[in-house]
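Residue-level structure breakdown
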Amino acid sequence: MVAAPVTGLTVEYQPSPLAVATPRPRLSWIPGRAQAAYEIEVRTGDVVVAHTGQVPSRESHLVEVPGLVLGSDSDYEWRVRVWDEDGAVSGWASSSFGTALLNPDDWTARWVLPKARGTAVERWTLLDWIQGRRPERDVSERLRPVQLLRQRFTPEAPVARARLFITARGVYTAEINGATVGDQVLAPGFDSYASRLSVQCYDVTDLLEDGENVLGVALADGWWAGRIGLTGSSAQFGASTGATWQLHVETEDGRRRRIASDGDVVSAEGPWTHADLFIGERFDMRLHDPAWSTPAFDDTAWNPVEVETADPAVLVPFAGEPVRRVAELPALSVIADPDDGWIIDFGQVIAGRVRLTLHAPCEGDVITLEHTETLDADGRWFVNIEGINKDQLDTYVAAGRPTEVWEPSFTFHGFRYVRVRGLQHPPEPGDFVAVVLSSDLRQTGSLHLSDQRLDRLHRNVVWSQRTNFLSVPMDCPQRERAGWTGDIQVFAPSATNNALVAPFLTRWLENLRADQDADGRVPILSPRSAYDDELASTGSGFGSIVACAGWSDAIALVPWVLYERYGDRRVLADTLDAALRWIEYQRTAAAELPERLRDVSLTPERQQRQALLYNAGEHFGDWLTPSTLEGRPLHEAIGIAPQLTAELVAPMFQAWTLTITARSADALGDTGLAESLRDRAAQVRAAFAAEYVDAEGRLPVALQGPYVLALAFDMVPARKRPLLVQHLVDLIAERGDRLDTGFLSVPHLLDVLWDSGHAELARRLLWQDECPSWLYEVDRGATTIWESWDAIAPDGSVRAVSFNHYAFGCVDDVLYRRIAGIRATAPGFRSVVIEPDLAGQLDHADAEVWTPYGPIRVAWTLTGDDAAIHADVPHGVDAVLVVGGHSTSLAPGAHDLRVTMPTPEPVVK
Ligand code: BGC
């Protein structure tokens, strides 16, 4: 008997990866039918390095092969076959992969450092930013040219295989003999460079030639030395850039050779007269010689470089997906700007840059490209991102050829509109292409909703996700581009539906762990620089925060999301210790009393309770709670939500992190640890309820957010829940059925209402279109999710805030789970409930979600009271369909069902 074929072979989530970053990778495949056993064989050349024999097991996802330990820079083939429950065996399915440099002693190359002057060290503070200070000198004086590096080498025999391992302090592009190496952008990406610098691997076999070859590397400041973060301070990781590489060449005669970066490398300045990741770059085509990385090029006038020994412990193999050009958008319109120049509209807010085509420019023409996310209420140019070094300005100097095409290399911008100046003739839309940059994750989910506005909301979330998942999970692609932990903490569940985010977030979590303080504090953003620490130690208020509630908890909550959605236990195991250290920090910090209680005499019971609660210190609290921002300038209002909510929000997250970490410990088999964490969580909850919840179920702060969190995180005894629910419902009614939840509570708002019998109110909030609401933004033409609900105010005025912040897009998970109705009920979708929301305002929804066993899809159409439901259930997933309160098991395969909805009971008032 032959079983159905096995498909979808991946190694660490990736099909045939070139350079797996771990010696013990996990293998996955999709069995054609429910699997009862598997057999795996891994070989390199003719040598079998692991063979499992037949293993009775249902597991087909992230399977660890006992005894499999991979070597560095090697090629492997692997194959798998499975037995189904009837004993039928499939054919072998096979795939291949290579490995990165996996041992620290693999790195023998040295750093090569061009002898250019270092980046000007600019240090700005939060206060400088708030007070609107700006650098006095022009960018041309503050920024420096990109450095070109060249190394000649001769392989000595025809090349059979060649891999280039390379990284930089800065960002680089590489060429061999005039051809671009790979298709990555902004490599090596952003990491906590002091402890981790990612090494890329490229297959360059086809680029090498007989005889002399040249490797050329162009090196810009990037995150390492450029002006990054909110303050726009430079050189946060170092003022000088450098590169290090090893080219591993195997010739056809079987010899292996390493060409390493060393003292024979020479450097010079090239056509980029400056390049900064945030500010933008200036490219002078007159200075560009396309032959600079070919053997024929005369480099006698180039300069020697300095060399430095590399610390191999810091050099880690890059894991996951690199940044690439993931899409191109045509210009929709070109209009003349009354203030000079032309405004190009690409119709979509993105992260990326513009590729420009010039027709017969004059030599020396200077073309500038400014970027913004929105125009003003009158359709005129408006700069929505203010601050130090946020110029987003690219400059091109023409060489005077018939056609010139240019795209920046070392920068990106957040924009929908570009203003171009310096053109001799009115441009055509076809002269401009917006190039979208993103970490190139597999886009897995899909969701289509019959309500056009809700459908647009979903697409806006996907755009915000795609354009902010750029090397790290960023808050926004223009002002800060920082890995704010709170933002991804609230957004991670949504992210898992739209793309396969596990490798990307796992890599970021490694950075976050590296950035954790010795005392257990998990920073509010990662990667974090030494300058961030310096700012916090000298700052006050928000500026002094290193770690805080809801942000730092990402260390426990994000891995749990990856476990729930992808069944990934390794990320839980790898982060558990860091989560425990954060928990321990909170336990110690709980000794501090909130300021208002410091001079109050407390009973011994209260003292004891207070000593359990992590409720003092600076926090962002339920950040950006809408009602607290009304009627005052932002800089005055921004502190009100933290002031009102921090004392409540912090212990609630403390309890939630304890609970989730207990679940993680259980999942990892440490029941003793789980038990003790649960005990601690129960003590924190009891203390919280006694301190903050009165007999009528009231919290000391009459805002929706704390009620939502108290209910979501189970902070009150069961008998008081209905009271809190009622207060929440009343608070929502007071706001005219509009949400008034901040950053931390908004992801839980609709679920809390749904689960407490208020589904109708949850739907009203979802379909609300007055500000603040999700559809209000859609009605104002949003193409991404905004940082502030009123980024365009009801009177049409436009605010200088980010138009691309995914945090409030956390509602997208509700669209998949509650509206379309696909909900995982066991880790990694081993079991699911399919429960379409047939009582809402939709007549059609179609959703597909990735699972380790193949995609699960539900598409439903409601006609009157009749629902037609189509469901595709992969083998290995236990699915239950719930409609109108009735549950039906769905076997693997395709289902088409028709259900007549019961007539609703009349509502008795
Ligand atoms: C960022 C946020 C971040 C916050 C911290 C902001 O400036 O853009 O998204 O989480 O600071 O409160």
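- The name given to the chain in an unreviewed UniProt entry is alpha-L-rhamnosidase, and the organism recorded there is Streptomyces ochraceiscleroticus.
- You can read under Catalytic activity (unreviewed entry) in the UniProt record for the chain the words "Hydrolysis of terminal non-reducing alpha-L-rhamnose residues in alpha-L-rhamnosides."

**So, the overall build of the chain**
- Looking only at helices and strands, the chain features 19 helices and 42 strands.
- Counting only residues that meet the buried cut, the chain has 61% of its 909 residues in that class.
- Taking contacts inside the chain between residues at least 6 apart in sequence as the whole, the part at least 24 apart equals 74%.
- Entry remark: accessible area of the chain is about 33,600 Å², with carbon and sulfur atoms responsible for 49%.

**As for the site of the ligand**
- In the vicinity of the ligand, the contacting residues are Asp475, Arg479, Glu480, Trp484, Asp487, Trp551, Phe620, Trp623, Phe743, Glu787 and His805.
- One nitrogen or oxygen atom from the side chain of Arg479 is found 2.9 Å from an oxygen atom belonging to the ligand.
- Take Trp551: an N or O atom from its side chain is 3.0 Å from an oxygen atom of the ligand.
- Considering the ligand on its own, with 310 Å² of exposed area, one finds that the protein chains cover 93% of that surface.
- When the residues that make up the shell around the ligand are grouped by side-chain class, the tally is five nonpolar, one polar and five charged.

**Thoughts on helix α8 (residues 554-566)**
- With 13 residues, α8 extends 17 Å between its outermost C-alpha atoms, agreeing within 8% with the 18 Å of an ideal straight helix rising 1.5 Å per residue.
- A large share of α8 lies buried, amounting to 12 of its 13 residues.
- Those residues of α8 that fall on the buried side of the exposure criterion are Ala554, Ile555, Ala556, Leu557, Val558, Pro559, Trp560, Val561, Leu562, Tyr563, Arg565 and Tyr566.
- On the buried face of α8, the contacting elements are α5 (485-498), α6 (502-515), α9 (569-589), α12 (640-667) and α19 (812-820).
- After α8 finishes, the residue Gly567 shows a positive phi value of roughly 65°.

**A few points about the UniProt feature "domain: Alpha-L-rhamnosidase six-hairpin glycosidase" (unreviewed entry) in the chain**
- Sites flagged by UniProt as "domain: Alpha-L-rhamnosidase six-hairpin glycosidase" (unreviewed entry) map to residues 442-819.
- Along residues 442-819, the helical share is 55% and the strand share 2%, with 24 Å between the first and last C-alpha atoms.

**Remarks on the environment of Arg123**
- Within the element layout of this structure, Arg123 appears in the loop between β9 (110-113) and α1 (126-130).
- Judged by relative accessible area, Arg123 falls into the partly exposed class, the value being 36%.
- For the pair Arg123 and Gln236, spaced 113 residues apart in the sequence, the C-alpha separation amounts to 8.8 Å.
- Look past the residues within four positions of Arg123 in its chain and what remains in contact with it is Asp128, Ser233, Ser234, Ala235, Gln236, Tyr531 and Glu534.
- Polar contacts involving the side chain of Arg123 include one to the main-chain carbonyl oxygen of Ala235, which spans 2.7 Å.

About the thresholds
Residues numbered from 1 in each chain as written. Predicted model: local features only at pLDDT ≥ 70, side-chain atom pairs only at ≥ 80, totals over all residues. Heavy atoms only, no water. UniProt positions renumbered as here; feature names shortened; annotations may be inferred. Helix = DSSP H or I, 4+ residues; strand = E, 2+ residues; numbered from the N terminus. Buried < 20%, exposed > 50% of the residue type's maximum accessible area, 1.4 Å probe, protein only. Contact = heavy atoms within 4.5 Å. Areas by Shrake-Rupley, 256 points an atom, 1.4 Å probe, with all protein chains shown as cover. Near = heavy atom within 4 Å. Polar contact = N/O pair within 3.5 Å; in protein donor to acceptor, adjacent residues only side chain to side chain. Nonpolar A, V, L, I, M, F, W, Y, C, P; charged D, E, K, R; others polar. Expected span 1.5 Å × (residues − 1).

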